[in-house]
Amino acid sequence: MEKTLHPLFNWIPIKLIEIDNEIYFEWIYLSNVPFAEPFFDETLAKCKSHEYNSKTIKLISTAENVIEWSKELVSVELKSLVFHVSRCGSTMLSQSLATSPENIMISEAPIVDQVLRSDAFGPDKKSILLQAVIALLGQKRFPEQKNLILKLDAWNIFYASFFRSVFPDIPFALLYRKPSEVLKSHQKMMGMHMVPNLIPPSVFGITSKEIQEISFRQYGALILEKYFQGFLDFYAEDKNVTMLDYDKGMKNVIERFISFIKVQYSDRELEKMIERLKQHSKNKNEAFTGDSYKDDDLAVDLTNVNALHVKLNAGFVEDLVR
């Protein structure tokens, strides 16, 4: 007898919306589209033409629905959360992991950040809701899927302790890179978190006075300082976390990460992950030839952030013998 699928099979919540002072969730139908694109929103864009998603009427639910429905669908096991400082190889890591059909690789899903930063829920409700959303994102849609890995938004490092309270036994990874290279990448194409006030400065622990006293470009260095300090603070308090350094090479990053999360892949799966490094992280049709940046092009004072980078490198060495 053919097994009947749950009515919400292939449906996931994607957006937190407010209507008449009430919070609801908008859902989208994924059909048979895997999470294979560099970013979560790019996968969603491929799904929007489906007849279920092109209708004027959208599937909307309450938070309670999200929690209850998450218990009715089969999800794969969450294996790790990846925190990063942006422009540090995190997209390449996620794309390499996504080559394995055993992995569900969720890369910067806005719904996770929206739940985290929402003032509509207390800590306990937020914890339950976050678990439910992640379980639904990790819905087992294909038979071979067995590992769920989440790459978070860069500023989610400031919620690392909250994530730990929600997932006490899950390995967390901290991926970073030399400050000058991160900032030079942002000067070529600036990320939203590097633009003053585009994301509330309070998210990063930045005061209005700090913003007034620095230049537009220096703001990016300040953001990176906050990220690095967030990494150091969390690494100091948590034992189930590993440091990953882009400057040691992405092959090293992938191998250390896989070893840390204790997932066994076949030699062929590992070969595909390493092979993916030859293509650009955001465009697999373009060869990756490497990148490097010079400090003297930045016009930014790197004194503070470089000092923090030295401490991160010390933590990386410590991590090798933990």
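Up top is the structure.
Residues numbered from 1 in each chain as written. Predicted model: local features only at pLDDT ≥ 70, side-chain atom pairs only at ≥ 80, totals over all residues. Heavy atoms only, no water.

Here we look at the sheet that holds strand E1 (residues 11–19)
Spatially, three strands are ordered E1-E2-E3 in an open sheet, and the strand pairing comes out antiparallel. A single partner strand is all that each edge strand has here, and the edge strands are E1 and strand E3 (60–62). The average angle at which neighbouring strand axes cross in this sheet is 35°, direction not considered. When strand E2 (residues 22–29) meets E3, the two strands line up antiparallel, connected through three bridges. The residue of E3 that forms the bridge with Glu 26 is Ile 60. Against the sheet, helix H4 (residues 110–117) makes contact with E1 and E2, and its axis sits at roughly 40° relative to E1, the strand it touches most. Packing against the sheet, helix H5 (residues 123–137) makes contact with E1 and E2, and its axis sits at approximately 140° to E1. (Pairing = 2+ DSSP bridges. Helix = DSSP H or I, 4+ residues; strand = E, 2+ residues; numbered from the N terminus. Axes fitted to C-alpha atoms, helices over the stretch in contact; angles between N-to-C directions. Contact = heavy atoms within 4.5 Å.)

Focus on the nonpolar core
Counting residues in each nonpolar core, the largest one holds 106 residues, and the members touching the most others are Phe 25, Phe 83, Leu 93, Val 112 and Phe 163. Among the elements that take part in this core, helix H9 (residues 216–237) stands out by supplying 11 residues, more than any other. Setting aside its immediate chain neighbours within four residues, Phe 83 contacts Leu 152, Asn 156, Ile 157, Ala 160, Phe 163, Phe 172, Ala 173, Leu 174, Leu 175 and Phe 231. (Core = buried A, V, L, I, M, F, W, Y, C linked by side-chain atoms within 4.5 Å. Buried < 20%, exposed > 50% of the residue type's maximum accessible area, 1.4 Å probe, protein only.)

Re the side chain of Thr 242
The residue Thr 242 is located in strand E8 (residues 241–245) in this model. Polar side-chain contacts of Thr 242 include one of 3.3 Å to the side chain of Arg 256. Residues contacting Thr 242, with those up to four places away along its chain left out, are Phe 172, Ala 173, Leu 174, Arg 256, Phe 260 and Asp 319. (Polar contact = N/O pair within 3.5 Å; in protein donor to acceptor, adjacent residues only side chain to side chain.)

Description of the packing of helix H10 (residues 250–261) against helix H11 (residues 267–275)
Packing of H10 against H11 leaves a shortest axis separation of 10 Å and a crossing angle of 145°. For the pair H10 and H11, the sense of crossing is right-handed. Counted together, Lys 251, Ile 254 and Ile 258 of H10 and Leu 270, Met 273 and Ile 274 of H11 form the full contact between these two elements. (Left-handed = near helix turned anticlockwise from the far one by under 90°.)

Brief notes about the environment of Ile 214
By the element assignment, Ile 214 lies in the loop between helix H8 (208–212) and H9. Assessed through its relative accessible area of 26%, Ile 214 is described here as partly exposed. In contact with Ile 214, other than residues within four places in its own chain, are Tyr 219 and Leu 222.

Some thoughts on the packing of H4 against H5
Geometrically, a packed helix pair is captured by the angle between its two axes and the distance between the axes. Two numbers describe how H4 lies on H5: the axes approach to 10 Å, and their chain directions differ by 175°. One element, H4, and the other, H5, form an angle in the roughly antiparallel class. For the pair H4 and H5, the contacting residues are Ile 111, Val 112, Val 115, Leu 116 and Arg 117 in the first and Lys 126, Leu 129, Leu 130, Val 133, Ile 134 and Leu 137 in the second. Its residues assigned to classes, the contact of H4 with H5 comprises nine nonpolar, no polar and two charged. (Parallel < 35°, antiparallel > 145°, perpendicular 65-115°, else oblique. Nonpolar A, V, L, I, M, F, W, Y, C, P; charged D, E, K, R; others polar.)

Side note on the pairing of E8
Most of E8 sits out of view: five of its five residues are buried. Of the two faces of E8, the one carrying Val 241, Met 243 and Asp 245 and the one carrying Thr 242 and Leu 244 are both buried. In this sheet, E8 lies alongside strand E7 (residues 172–176) in parallel orientation, the contact comprising five bridges. Within E8, the position partnered with Leu 175 by the bridge is Leu 244.

Some details on the pattern of salt bridges
Under the criterion given, the structure shown has 15 salt bridges. Here Lys 15 makes a salt bridge to Glu 26, at a shortest N to O gap of 3.9 Å. Here Lys 15, found in strand E1, pairs with Glu 26, found in strand E2; they are 11 residues apart in sequence, far enough to count as distant. With relative accessibility at 36%, the residue Lys 15 sits in the partly exposed group. We note a salt bridge from Arg 268 to Glu 271, for which the minimum N-O separation is 3.5 Å. One end of the pair, Arg 268, and the other, Glu 271, are both in helix H11, three residues apart, so they sit about a helical turn from each other. (Salt bridge = Lys/Arg side-chain N within 4 Å of Asp/Glu carboxyl O.)

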